[in-house]
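Secondary and tertiary structure notes
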Protein chains: 4
Amino acid sequence: MKQIKGIIPPMITPLKGNDELDREGAIRLVEHMIAGGVHALFLLGTTGEAQNLTYKLRYEFVELVLKQVAGRIPVLVGVTDTSLDESVRLAEHAKACGAVGVVAAAPYYFAPSQQELIEYYTALADALCLPLYLYNMPSHVKVFLEAKTVATLADHPNIVGLKDSSANMTYFETLIYLLGDREDFSLYVGPEELTGECVLLGADGGVNGGANMFPELYVAMYNAAEAGDLKKVRELQRRIMQISTSIYTVGKYGSSYLKGVKCSLSLLGICDDYLSYPYRKFRSEEREKIRQALVALGCTCVE
Amino acid sequence: MKQIKGIIPPMITPLKGNDELDREGAIRLVEHMIAGGVHALFLLGTTGEAQNLTYKLRYEFVELVLKQVAGRIPVLVGVTDTSLDESVRLAEHAKACGAVGVVAAAPYYFAPSQQELIEYYTALADALCLPLYLYNMPSHVKVFLEAKTVATLADHPNIVGLKDSSANMTYFETLIYLLGDREDFSLYVGPEELTGECVLLGADGGVNGGANMFPELYVAMYNAAEAGDLKKVRELQRRIMQISTSIYTVGKYGSSYLKGVKCSLSLLGICDDYLSYPYRKFRSEEREKIRQALVALGCTCVE
Amino acid sequence: MKQIKGIIPPMITPLKGNDELDREGAIRLVEHMIAGGVHALFLLGTTGEAQNLTYKLRYEFVELVLKQVAGRIPVLVGVTDTSLDESVRLAEHAKACGAVGVVAAAPYYFAPSQQELIEYYTALADALCLPLYLYNMPSHVKVFLEAKTVATLADHPNIVGLKDSSANMTYFETLIYLLGDREDFSLYVGPEELTGECVLLGADGGVNGGANMFPELYVAMYNAAEAGDLKKVRELQRRIMQISTSIYTVGKYGSSYLKGVKCSLSLLGICDDYLSYPYRKFRSEEREKIRQALVALGCTCVE
Amino acid sequence: MKQIKGIIPPMITPLKGNDELDREGAIRLVEHMIAGGVHALFLLGTTGEAQNLTYKLRYEFVELVLKQVAGRIPVLVGVTDTSLDESVRLAEHAKACGAVGVVAAAPYYFAPSQQELIEYYTALADALCLPLYLYNMPSHVKVFLEAKTVATLADHPNIVGLKDSSANMTYFETLIYLLGDREDFSLYVGPEELTGECVLLGADGGVNGGANMFPELYVAMYNAAEAGDLKKVRELQRRIMQISTSIYTVGKYGSSYLKGVKCSLSLLGICDDYLSYPYRKFRSEEREKIRQALVALGCTCVE
């Protein structure tokens, strides 16, 4: 019944300019991740800078990636929006291009209450042409999808799972307890530092940004945890933490993670590291730190 | 040099459905406010539910209102967006329709740092075809436009003012101190409870939601404060606080203010009270409380 | 009926070491403020670093200051504590020394709900031997004393006023509206940047940290606002803002204000600038900036 | 080298009144937990309502418990305080009574910066007569002990470990990565919902409130995780989550957890459920819900 189990990279959106895709880079990145064994793709999430892109570009990117994937793995599309109707419209485009589901965080301007979230998600799921995955992202949308709210929404036939990016494991353990046995509801974890333990304890997979760069590593972690191979989990965890503490912590802003991922992909020769406003890509000093971190991880950089 | 001094109602967006304007209501509301003496209009702000509307509807609403206003008073259009290019595009439409300026809060998904805000607003102001007013709205966008950041941005030739909705008067007093003497930069206050004191101390006006319903009242407050008539200010303040503590506090959610304004306008016979998702309009119990509050204020309700 | 109207400096606690008073400095500071015309004193507030001091030192300081004041002006003592019984005990000491009232923010470790706050303050006011002033300090205690909560508590015969340090003027205007006419309840504002406008609109005075250094200035502001002399208010406001933007903004931490006040008092030759842990006093670079700011304000420094 | 590995219940403080211990209850509770196999005790933490108690009571409680334990298991004492000198003084008492270490969260009134935290904890550790465990409790003290800060402080010879109550597992994984191999530094997790996975991944134990009621359960979880018995971990996790979602979620306030633990201990016949201000114990309706939850867990209640 579950659509997807395993590693679902939240794909970055390769750009050449604020309103221009790096189409060749996007194609290379898709192939890189599929070659690495990932189980699905998630487009236009937080890591995909979705909110910063024009709708035109979002539509174009969905079309490009789905064409390139060509059914080899399932693809989810982020339709998070402050406007319900724009979410519905983007989902229609995603379906037409071949996506199998959509993902939506809460409306993120005027923060809704839990009751308003229930009404909103119900209306959204009713209107969508594809199955909906909830997305808990409190740091960006200001509201927490409380466990009770999720349990209520899980009974909607068109709501089929949740991705949690809160890093709050008490919350995630509560979701596993309440919903982990449901065959019609999937639970994925966002922060890649937690994929190992979450899968050990019953989660269905990870939506991990690092899988843009190192798809094999996160797939190996999923497999080890799924098999209950604790020794392997601990060993892979060290490498994941090395990435987390070196690639994602250059610079002093909240956007360090995003900049680190794009800068790495550029240094690995996969795609451009242009970032859409309000962010700017790393300048030479930070780029050099990323280069050194990649070398320490055993990577070969193109410059 | 200053474009606008006085009361600039953040106009609500009259709706009949989630993606359908109440066109007749919008026209009545424009006439109601102009008859009340307001000095300008501000479309597509927080009170206008801008983020919850489709772009198509936003464009249509700008066109409708500007046609109705027909140059009688200046009109500002909110272009707050997470995508810089969409802001620029909406500004072009606003200019073509006759708007004299645009207003933009910070991108509101992935919170930027102060340095990123300076780069973002500089790029935005460079690209815009109309003068830009900054909009400090920390509760909704998660970041504060710090006084130093505003002072830096105020030197950009195309950034001409700021609307502050923080209700933090230490901050606003700092802005008055740093920028109050500048003839090329205007300071407006959002919360209507503060218009009196802000204008007494040097602000250029108020962007007050209550002026949708009671335009004369807020215009009278602006005039009294501008004239330094303290006795009148204190007297009008009582009435403004009566509205604030009765109309805006029905219901228990953060959206009470928005629901109260729309419900009142419906009860006053001006326009529909449909609210776009994720909000729902007041049901009969709350509506009755609003009716009683309006009666206590001396209003005649249509039902 | 009101005990105090005017300027009530939240007195800093002059220290020579982490558990040692600067007794001579404290005496000089008391005389400096009384000579400057202040209407009362407030000991052991946030500016007094109360929470960082041992109880022994707090008791000693209360005794020292009240002996020095010797009834010339009324004195309030902060009894803010996480333990209700310790608050009651300190109040008994304060009364024995001659204080006329006590001030208490909410318990500040495990944040209580509004209902719990009502029960807590009722129990505290019942147990206290002196009149109680509420203290709204949300940034430090994590909870807001909501206007409804204050209105409920204002009916307690032993709760006689409130000091608001939120800087949220919509809130303060609501309190003026609900309680401003009560002869048995006083409203004071914390941030000195707001004393002018608050008194213009009906507040009873200001609890302003800058009055440690410049008592005459804040007394002059109170008098001008009380008399409705708008021109004078605007003129004095400029000087208050010059202090606010120069003395309180050196260094990059939240403790800049506290460090700026103590450093200034040291440079003015009034008392030692030792700060209790977790803070450390300004080192030479920051001290020089404060010296320059004082000179720009026309002060004579002792070094 | 590590003092303690395993389950360290944060003991509640049994009370008969706001300033009166339930001495018999405290003795019964100590015996209940020792009989359940716990590896150590932690007094005067958040669960112990430490901040709400007078110092006199805190000192008395430390003496009572240490006398009762009589060296059978190691005891840690919380000395979290806003005053560094009071922390040092309580530590001296704790040592005299036989405690083996102390625990301190950051000063919790005026929030310090990371640099100030480093200076504060260094001064505290220098002054203490017992080894110090750091305590990360951001929801109550408003500041996060960042991983870099902890890594710096871990080099102090008298700082020997950390208890993390953030529930943020990305953070905890970072600490395990940076410090997990150190023989002179221990890592404990607060939320009991996370003890299983934390120990699986390298933590030294759990400081779990539920171990006041069900010491055997948490000890069994520690042992299963330590042995890498995944099947057993998952099975025990279900029971821990049943407690978490039934006992700790009665009532609507943040204090529900504390009220649930004390109410349960009272229903189990162990000690009084008086709560110190600003909290009040559960009334009959909530008490009945707790009773039902205990029955569902297979417990025998005394009423």
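A brief structural summary. (Residues numbered from 1 in each chain as written. Chains lettered and ligands numbered in written order. Predicted model: local features only at pLDDT ≥ 70, side-chain atom pairs only at ≥ 80, totals over all residues. Heavy atoms only, no water.)

Some thoughts on the interface of chain A and chain B
- Contacts between the two partners involve 41 residues from chain A, matched on the other side by 41 residues from chain B.
- For the chain A and chain B pair, buried surface summed over both sides reaches about 3,800 Å², with 58% attributable to carbon and sulfur atoms.
- Applying the counting criterion to the chain A and chain B interface returns four salt bridges.
- Salt-bridge contacts for B:Glu116 lead to A:Lys259; the nearest nitrogen and oxygen are separated by 2.8 Å.
- Counting across the chain A and chain B interface gives 18 residue pairs in polar contact (both at pLDDT 80 or more).
- If you list the elements that add at least two residues to the side of chain A that touches chain B, you get α3 (84-97), α4 (114-127), α5 (138-141) and α11 (256-267) of chain A.
- Considering each element in turn, the side of chain A that touches chain B owes the most residues, five residues, to α4(A). (Contact = heavy atoms within 4.5 Å. Buried area = accessible area lost by both parts, 1.4 Å probe. Salt bridge = Lys/Arg side-chain N within 4 Å of Asp/Glu carboxyl O. Polar contact = N/O pair within 3.5 Å; in protein donor to acceptor, adjacent residues only side chain to side chain. Helix = DSSP H or I, 4+ residues; strand = E, 2+ residues; numbered from the N terminus.)

Side note on the interface of chain D and chain C
- Taken together, the contact pairs 41 residues of chain D with 41 residues of chain C.
- Here chain D and chain C share an interface that buries about 3,800 Å² over both sides, 59% of which is from carbon and sulfur atoms.
- The tally of links between chain D and chain C comes to four salt bridges.
- Counting across the chain D and chain C interface gives 18 residue pairs in polar contact (both at pLDDT 80 or more).
- Of all the secondary-structure elements, those providing two or more residues to the side of chain D that touches chain C are α3 (84-97), α4 (114-127), α5 (138-141) and α11 (256-267) of chain D.
- Here the side of chain D that touches chain C gets five residues from one element, more than from any other, and that element is α4(D).
- Tallied by class, the residues present in the side of chain D that touches chain C amount to 19 nonpolar, 13 polar and nine charged. (Nonpolar A, V, L, I, M, F, W, Y, C, P; charged D, E, K, R; others polar.)

As for α4(D)
- Spanning 14 residues, α4(D) covers 20 Å between terminal C-alpha atoms, matching the ideal 20 Å at 1.5 Å per step.
- The buried count for α4(D) comes to ten of 14 residues, which makes it a mostly enclosed element.
- Listed as buried for α4(D) are D:Gln114, D:Glu116, D:Leu117, D:Ile118, D:Glu119, D:Tyr120, D:Tyr121, D:Ala123, D:Leu124 and D:Ala125.
- Residues of α4(D) that are buried in the fold lie against α11 (256-267) of chain C together with α3, β6 (101-105), β7 (132-136), α6 (147-153) and β8 (159-164) of chain D. (Expected span 1.5 Å × (residues − 1). Buried < 20%, exposed > 50% of the residue type's maximum accessible area, 1.4 Å probe, protein only.)

Here we look at the pairing of strand β7 (residues 132-136) of chain A
Residues and elements named next belong to chain A.
- Of all five residues making up β7, five are buried, and the element is well covered by its neighbours.
- Residues Leu132, Leu134 and Asn136 of β7 are buried on one face, and the alternating residues Tyr133 and Tyr135, pointing to the opposite face, are buried as well.
- Pairing of strand β6 (residues 101-105) with β7 involves four bridges; the strand directions are parallel. Bridge pairing links alanine 105 to tyrosine 135 in β7. (Pairing = 2+ DSSP bridges.)

Here's the deal with the relation of the copies chain D and chain C
- Turning chain D through 180° and shifting it by 0.0 Å along the axis lays it on chain C, with an RMSD of 0.0 Å. The transformation relating the two chain copies, once decomposed into turn and shift, fits a two-fold axis.
- Same-surface contact between copies: 100% of interface residues of chain D are shared with the interface of chain C. (Least-squares fit on C-alpha atoms with pLDDT ≥ 70 in both.)

As for the relation of the copies chain A and chain B
- Superposing chain A onto chain B takes a rotation of 180° plus a shift of 0.0 Å along the axis, which leaves an RMSD of 0.0 Å.
- Residue by residue, 100% of the interface of chain A is reproduced at the interface of chain B, so both copies engage with the same surface.

Concerning the environment of C:Lys5
All names here are of chain C.
- Structurally, the position occupied by lysine 5 is in the segment before β1 (6-7).
- The exposure class assigned to lysine 5 is partly exposed, which follows from its relative accessible area of 39%.
- Sequence spacing of lysine 5 and histidine 39 is 34 residues, and the spatial spacing of their C-alpha atoms is 7.0 Å.
- In this structure lysine 5 touches His39, Asp204 and Tyr222, once residues within four positions along its chain are discounted.

Examining unusual backbone geometry
- With an omega of 10°, the peptide bond running from A:Tyr277 to A:Pro278 counts as cis.
- Considering the arrangement of structural elements, one finds A:Pro278 in the loop between α11 and α12 (284-296).

Considerations on empty space enclosed by the protein
- Counted according to the given criterion, the structure contains eleven cavities of 30 Å³ or more.
- Roughly 80 Å³ of volume is contained in the largest cavity.
- At the level of elements, α2 (55-69) of chain C together with α2 (55-69) of chain D are the ones that each hand at least two residues to the lining of the largest cavity.
- Across the lining of the largest cavity, the residue classes break down as four nonpolar, two polar and four charged. (1 Å grid on protein atoms, 1.4 Å probe; cavity = no way out; pocket = protein on both sides within 12 Å on 5 of 7 lines; lining within 4 Å. Points joined across faces, edges and corners; volume = space filled by probe spheres on them.)

Re the arrangement of the chains
- There is a clear gap between chain A and chain C: no contact, and 15 Å between their nearest C-alpha atoms.
- Spatially, chain B is disjoint from chain D: no contact exists, and the shortest C-alpha separation is 15 Å.

Some thoughts on the side chain of D:Asp81
- Inspection of the secondary structure puts D:Asp81 in the loop between β5 (75-78) and α3.
- Ignoring sequence-local partners within four residues, the contact set of D:Asp81 consists of D:Tyr55, D:Arg58, D:Glu86, D:Ser87, D:Pro107, D:Tyr108 and D:Tyr120.

Here's the deal with the pattern of salt bridges
- Under the definition given, this model contains 72 salt bridges over all chains.
- Between B:Lys2 and B:Asp204 there is a salt bridge whose closest N-O contact spans 2.9 Å. A residue pair is termed long-range when its members are at least 10 positions apart, and B:Lys2 in the segment before β1 (6-7) and B:Asp204 in the loop between α8 (195-200) and β10 (205-206) qualify at 202 residues.
- With relative accessibility at 3%, the residue B:Asp204 sits in the buried group.
- Between C:Asp181 and B:Arg238 there is a salt bridge whose closest N-O contact spans 3.6 Å.

Re the sheet that holds β8(D)
Residue and element names in this part refer to chain D.
- Here we have eight strands laid out as an open sheet, ordered β1-β10-β9-β8-β7-β6-β5-β4, and parallel in their pairing. Whereas interior strands pair on both sides, the edge strands pair on one side only; in this sheet they are β1 (6-7) and β4 (41-43).
- In this sheet, strand β10 (residues 205-206) lies alongside β1 in parallel orientation, the contact comprising two bridges. Counted as the bridge partner of isoleucine 7 is glycine 206 from β10.
- Running at roughly 165° to β4, α2 makes contact with β4 and β5 of the sheet.
- Contacts from α4 reach β6, β7 and β8 within the one sheet, and its direction differs from that of β7 by about 150°. (Axes fitted to C-alpha atoms, helices over the stretch in contact; angles between N-to-C directions.)

What about the pairing of β8(D)?
Residues and elements named next belong to chain D.
- Counting buried positions along β8 gives six out of six residues, so the element sits mostly inside the fold.
- With five bridges joining them, β7 and β8 adopt parallel strand pairing. Bridged to leucine 134 within β8 is leucine 162.
- The pairing of β8 with strand β9 (residues 186-189) spans four bridges and is classified as parallel. By the bridge assignment, leucine 162 is partnered in β9 with leucine 187.

Some words on the side chain of C:Lys2
All names here are of chain C.
- Among the polar contacts made by the side chain of lysine 2, one reaches the main-chain carbonyl oxygen of phenylalanine 185 at a distance of 3.4 Å.
- Reaching out from lysine 2, the side chain makes a polar contact with the side chain of aspartate 204 at a distance of 2.9 Å.
- Setting aside its immediate chain neighbours within four residues, lysine 2 contacts Gly180, Arg182, Glu183, Phe185, Ser186 and Asp204.

Brief notes about α11(C)
- Taking 1.5 Å of rise per residue, the twelve residues of α11(C) would be expected to cover 16 Å, and the 16 Å separating its terminal C-alpha atoms lies within 8% of that figure.
- In terms of burial, α11(C) is largely enclosed, as eleven of its twelve residues are buried.
- What α11(C) keeps buried is the set C:Ser256, C:Leu258, C:Lys259, C:Gly260, C:Val261, C:Lys262, C:Cys263, C:Ser264, C:Leu265, C:Ser266 and C:Leu267.
- Buried positions along α11(C) lie against β2 (15-17), α1 (23-35) and α12 (284-296) of chain C together with α4 of chain D.
- C:Gly269 lies just past α11(C) and shows a positive phi near 80°.

Considerations on the sheet that holds strand β7 (residues 132-136) of chain B
Residue and element names in this part refer to chain B.
- The sheet built from eight strands is open, its strands ordered β1-β10-β9-β8-β7-β6-β5-β4 with parallel pairing. Whereas interior strands pair on both sides, the edge strands pair on one side only; in this sheet they are β1 and β4 (41-43).
- Contacting β4 and β5 (75-78), helix α2 (residues 55-69) runs over the sheet at an angle of about 165° to β4.
- Running at roughly 150° to β7, helix α4 (residues 114-127) makes contact with β6 (101-105), β7 and β8 (159-164) of the sheet.

Concerning the state of the cysteines
- Per the counting criterion, the structure on display carries zero disulfides over all chains.
- Considering cysteine sulfurs only, D:Cys198 is the nearest to A:Cys198, which forms no disulfide, with 11 Å between them.
- Residue class for A:Cys198 comes out buried when judged on its relative accessible area of 0%.
- For the unlinked cysteine D:Cys301, the closest cysteine sulfur is that of D:Cys299, found at 6.5 Å. (Disulfide = S-S within 2.5 Å.)

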